[in-house]
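Summary of the model geometry
Spelled out, the chains give:
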Amino acid sequence: MIKGFKDFLLRGNVVDLAVAVVIGAAFTAVVGQFTASFLEPLIALVGGGGLDGGTFTVDGQVFDWAAFVNAVITFVLTAAVVYVVVVLPMKTLIERRRRGEEAGPAAPTQIELLVEIRDLLRAQQGQGPGPGPSGPGTTVLPDRL
């Protein structure tokens, strides 16, 4: 069970996802601070300026429409950057692979597969990988298969 969990954690997808979450959280904080530092004051000025800029009051209840506009702008900026940085490059890569311009992952050669099989069989027999093709107890693979 622990080996399976370790294999799961060490797969590239999990690590990539963890990095994406951390970067996404940091980026969201930067965009949030940008909107709080620059856009909120501008929205407040449009709404009349001062402490009550960007708000209106009805029967003693304060409605902060500037905060809503700020949240919408933050969302649009974050979505735009994610689209430009993640979605467009992935779309381009998928299109190139579909057209055959960019090769996918390279498949192992027959010799590499046979060497791997040989090493696995040796490991099952308890011999270990041993020296190269010229060592004792080693079968030399032909150049052509």
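Here, the structure is the one placed above.
If you're wondering where the values come from, they're calculated on a predicted model, not measured in any experiment. Counting starts from 1 at the beginning of each chain's written sequence and moves along it residue by residue. A pLDDT threshold of at least 70 governs which residues receive local features in this predicted model, and a stricter bar of 80 or more applies before side-chain atom pairs are shown or counted, although totals over entire chains, interfaces and linings include all residues. Values reported for side chains reflect all heavy atoms of the structure, with hydrogen atoms and water molecules removed beforehand.

Below, the discussion takes up the overall build of the protein. The way it works is that DSSP assigns letters per residue, a run of H or I at least four long becomes a helix, a run of E at least two long becomes a strand, and they are numbered from the N terminus. When helices and strands are tallied, the protein shows four helices and two strands. For the protein, the succession of helices and strands along the chain, N to C, is α-α-β-β-α-α. The rule is simple: take the accessible area with a 1.4 Å probe, protein chains only, and divide by the maximum for that residue type; under 20% is buried, over 50% is exposed, in between is partly exposed. Going through the 145 residues of the protein one by one, you find that 11% of them count as buried. It only takes one pair of heavy atoms within 4.5 Å for two residues to be counted as in contact. In the protein, the share of contacts with a sequence separation of at least 24, taken over all contacts with a separation of at least 6, comes to 40%. Total accessible area on the protein stands at roughly 11600 Å², and carbon and sulfur atoms take up 68% of it. All accessible-area figures derive from a Shrake-Rupley calculation using a 1.4 Å probe, and residue coverage is judged against the displayed protein chains alone.

So, on to the side chain of Thr74. For Thr74, the position within the fold is in helix H3 (residues 65-99). Under the relative-accessibility criterion, Thr74 is labelled buried at 16%. Residues within four places of Thr74 in sequence aside, it is in contact with Val31, Gly32 and Thr35.

As a further point, take H3. With 35 residues, H3 ought to run about 51 Å at 1.5 Å a step, and its terminal C-alpha atoms sit 49 Å apart, in line with that. What we call the bend at a residue is the angle made by axes fitted to the seven residues finishing there and the seven residues starting there. A maximum bend of about 40° is found in H3 at Tyr83. Every buried residue of H3 is listed here: Ala66, Asn70, Thr74 and Thr78. What a helix should span is 1.5 Å times the count of its residues minus one.

What follows deals with a nonpolar patch on the surface. By definition, no residue in a patch forms a salt bridge, and every one has over 30% relative accessible area; like charges are joined within 9 Å, nonpolar side chains (Val, Leu, Ile, Met, Phe, Trp, Tyr) within 5 Å. What counts as a salt bridge is simple: a side-chain nitrogen of Lys or Arg found within 4 Å of a carboxyl oxygen of Asp or Glu. On the surface, Val81, Val82, Tyr83, Val84, Val85, Val86, Val87, Leu88, Met90 and Ile94 cluster together into a nonpolar patch covering about 810 Å² of accessible area. Along the chain, Val86 falls in helix H3.

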